[in-house]
Amino acid sequence: MQHSGKNIVLGVTGSIAAYKAVELLRLLKSDGHDVHVIQTPSSARFVGEATFSALSGHAVAVDAFAGESAAGISHIELARSDLMIIAPATANTIGKMAAGIADNLLLTSYLAMDGPVFVAPAMNQYMWHHVAVQENIATLERRGVHNIRPKTGNLACGEFGDGRMEEPEQILVRVRELLTANQPADLEGVDILVTAGATRELIDAVRFITNRSSGRMGFALAKAARDRGASVTVIAANCALEHHPGIRYIDVQTSAELQEVLEQKFDKCNVLLMSAAVADYKVSTTTATGKLERKSEIHLRLVPTSDIVSNLKGNGNGRLKVGFAAEFGADKIERARRKLEEKNLGMIVFNDVSRADIGFESEENEITILMPDGNDEFVEKATKLECAHRILDKVRESVRQ
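Predicted model, so just to flag it, every value in this text is computed and none were measured.

### Focus on the state of the cysteines
- This structure, assessed with the given rule, holds 0 disulfides.
- Summary of cysteine pairing: Cys-269 is not part of a disulfide, and the nearest cysteine sulfur, belonging to Cys-239, is at 18 Å.
- Summary of cysteine pairing: Cys-387 is not part of a disulfide, and the nearest cysteine sulfur, belonging to Cys-239, is at 18 Å.

### Details of unusual backbone geometry
- Residue Pro-88 is reached from Ala-87 by a cis peptide bond, and omega for that bond is 0 degrees.
- Inspection of the secondary structure assignment puts Pro-88 in strand E3 (residues 83–89).
- Although it is not a glycine, Asn-344 adopts a positive phi angle of roughly 55 degrees.
- Tracing the backbone shows Asn-344 in the loop between helix H11 (332–342) and strand E17 (347–352).

### Looking at the side chain of Thr-13
- Relative to the helices and strands, Thr-13 is located in the loop between strand E1 (7–12) and helix H1 (18–30).
- A distance of 2.6 Å separates a polar atom in the side chain of Thr-13 from the backbone oxygen of Pro-88.
- Polar contacts involving the side chain of Thr-13 include one to the main-chain amide nitrogen of Thr-90, which spans 3.2 Å.
- If we skip the residues at most four places from it in the chain, Thr-13 touches Ala-18, Thr-40, Ser-43, Ile-86, Pro-88, Ala-89, Thr-90, Thr-93 and Leu-106.

### A look at the pattern of salt bridges
- On inspection of all chains with the given rule, the structure shows 19 salt bridges.
- Here Asp-103 makes a salt bridge to Lys-96, at a shortest N to O gap of 2.7 Å.
- Classification of Asp-103 as partly exposed rests on a relative accessible area of 36%.
- Here Lys-96 falls in the buried class, since its relative accessible area comes to 18%.
- A salt bridge links Arg-319 to Asp-267, with the nearest nitrogen and oxygen atoms 3.7 Å apart. Residue Arg-319 is located in the loop between strand E15 (302–304) and strand E16 (320–327), and its partner Asp-267 is located in the loop between helix H10 (255–265) and strand E13 (271–274); the two are separated by 52 residues in the primary sequence.

### Regarding a nonpolar patch on the surface
- A grouping of Tyr-281, Ile-298, Leu-300 and Leu-302 is seen on the molecular surface, where their side chains present a nonpolar patch of about 390 Å² in accessible area.
- Within the secondary structure, Tyr-281 is located in strand E14 (residues 281–283).
- Using a relative accessible area of 46% as the deciding quantity, one classes Tyr-281 as partly exposed.

### A look at helix H7 (residues 131–142)
- The terminal C-alpha atoms of H7, which comprises 12 residues, lie 16 Å apart, in line with the 16 Å expected from a rise of 1.5 Å per residue.
- Inspection of H7 places Val-133, Ile-137, Thr-139 and Leu-140 among the buried residues, and these make up the whole buried set. Down the axis of H7, the buried set is contained in an arc of 155 degrees. They therefore lie on one face. Facing away from the buried side of H7 by more than 90 degrees, the exposed set consists of Val-131 and Arg-142.
- Just past H7, the residue Gly-144 takes up positive phi, approximately 100 degrees.

### Section: the nonpolar core
- Formed by 36 residues in total, the largest nonpolar core has its most connected members in Ile-192, Val-234, Leu-273 and Val-395.
- Among the elements that make up this core, the one with the highest residue count is helix H9 (residues 216–227) (7 residues).
- If we skip the residues at most four places from it in the chain, Leu-273 touches Ile-192, Leu-193, Val-194, Thr-195, Leu-221, Val-322, Phe-324, Leu-392 and Val-395.
- Residues Ala-17, Val-37, Val-47 and Val-62 belong to the second largest nonpolar core, which totals 28 residues.

### What to know about the packing of H1 against helix H2 (residues 49–56)
- Running from amino to carboxyl end, H1 crosses H2 at an angle of 10 degrees, the nearest separation of the two axes being 10 Å. Accordingly, the angle class assigned to the pair H1 and H2 is roughly parallel. Of the residues in H2, those touching H1 at Ala-18, Ala-21, Val-22, Leu-25 and Lys-29 are Thr-51, Phe-52, Leu-55 and Ser-56.
- Looking at side-chain class alone, the contact of H1 with H2 contains 6 nonpolar, 2 polar and 1 charged residues.

### Section: the sheet that holds strand E19 (residues 377–383)
- Taken together, the 8 strands give an open sheet; going across it, the order is E12-E11-E8-E13-E16-E17-E18-E19, and neighbouring strands pair in mixed fashion. Every other strand in the sheet has two partners, leaving strand E12 (248–252) and E19 as the edge strands with one partner each. Pairs of neighbouring strands in the sheet enclose a mean axial angle of 20 degrees, with direction left out of account.
- Looking at chain direction, strand E8 (residues 191–197) and E13 are connected through 4 bridges and run parallel. Each bridged residue has a counterpart across the sheet, and for Ile-192 the counterpart in E13 is Val-271.
- Of the strands in this sheet, E16, E17 and strand E18 (364–370) touch H11, which is tilted by about 160 degrees from E17.

### Considering the packing of aromatic side chains
- Tallying each qualifying case throughout the model produces 1 aromatic pair.
- Positioned over the ring face of Phe-266 is Arg-319, at 5.1 Å from the centre of the ring.

### Quick word on the pairing of E19
- Strand direction decides the pairing type here: E18 and E19, joined by 5 bridges, are antiparallel. Bridge pairing in E19 places Glu-364 opposite Thr-383.
- In sequence, E18 turns back onto E19 through a hairpin of 6 residues, with Gly-374 there showing a positive phi of about 85 degrees.

Thresholds, definitions, all that
- Residues numbered from 1 in each chain as written.
- Predicted model: local features only at pLDDT ≥ 70, side-chain atom pairs only at ≥ 80, totals over all residues.
- Heavy atoms only, no water.
- Disulfide = S-S within 2.5 Å.
- Helix = DSSP H or I, 4+ residues; strand = E, 2+ residues; numbered from the N terminus.
- Polar contact = N/O pair within 3.5 Å; in protein donor to acceptor, adjacent residues only side chain to side chain.
- Contact = heavy atoms within 4.5 Å.
- Salt bridge = Lys/Arg side-chain N within 4 Å of Asp/Glu carboxyl O.
- Buried < 20%, exposed > 50% of the residue type's maximum accessible area, 1.4 Å probe, protein only.
- Patch = residues over 30% accessible without salt bridge, like charges linked within 9 Å, V, L, I, M, F, W, Y side chains within 5 Å.
- Areas by Shrake-Rupley, 256 points an atom, 1.4 Å probe, with all protein chains shown as cover.
- Expected span 1.5 Å × (residues − 1).
- Arc of directions from axis to C-beta.
- Core = buried A, V, L, I, M, F, W, Y, C linked by side-chain atoms within 4.5 Å.
- Axes fitted to C-alpha atoms, helices over the stretch in contact; angles between N-to-C directions.
- Parallel < 35°, antiparallel > 145°, perpendicular 65-115°, else oblique.
- Nonpolar A, V, L, I, M, F, W, Y, C, P; charged D, E, K, R; others polar.
- Pairing = 2+ DSSP bridges.
- Phe/Tyr/Trp six-rings, centres within 6.5 Å; stacked < 30°, edge-to-face > 60°.
- Lys NZ or Arg CZ within 6 Å of the ring centre and 35° of its normal.

None of the figures reported here should be taken as evidence of function without further support.
See the structure below:
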């Protein structure tokens, strides 16, 4: 999905990771944005101005002391952009930002910037963990700067550790999230219960049966609902994801635990978004206090778990139940539609798990929202946060009727 184009400033500082800024610029342009690049003088040692100029369609701004930059715009005009991204952001630039120093065009533009600012740090692991850098980052975060934390990986110095700049694709995801967050509070007063993640059905004290669901779709739904004014509770089944402020989280492990919490909370909600991937089977007898001995063969008897959502009374009883169907095969969408009817759901969200580029463990999805009246909606490949907002648009229509 393309957004209505925004005016974005991309700041590039003197790090070997400057090569990633080239790909980030390409992605931002592909997403429909107009991008002006500001380079610090030292960054040109890694990537030249001509590369950024050719890709952005604008002259690159470098000179801090000219009345106008080489791009023909003043630092004040650059600072009137909708968004600023500094990627890579060196320890030097981060420190100057925190101290309010403005000794180059990028820093001058940052101090005059009225919109949101992202930094994507890149540096050696010992520099990243130095108390001065961490205090500077904390200062910027307190001031509202969005910190895209570096990854752990191979560093340019030959070491392995924290400090590797986040990949351009993930920076684009964060930018998209910010741009889609400015939604109207059209779900204010609605109590939404979200299930997320994958249940684990124990075999013994250390082994379990589970599936590949990461919980990203459920967490995206919760964040989107919160941003639109809803009161949100997440029942999270084994989700190793960031918790967002303003959302209540309850952690569970097994399908039985999820069912117990869900039954306690369901009567108090207006909408249930059942995005958790609940295991269909569990082991009939588990050795929960010990570990099964390794043998040449082991035979497990699997029995069905409870069909949790079917047993919850909703849709017509003051609550809307939204199901999710991850299907595979030629008749996948027909199976999803049958679940819509059999489970007495107000709607069901179908996604095709045969595709490796969407769904499980991915930041993106492609969904079809199936409705009982046939007023279905197809959402082309987009971030899960964007998909969440499209699902909530349908939820809003249903709860306001």
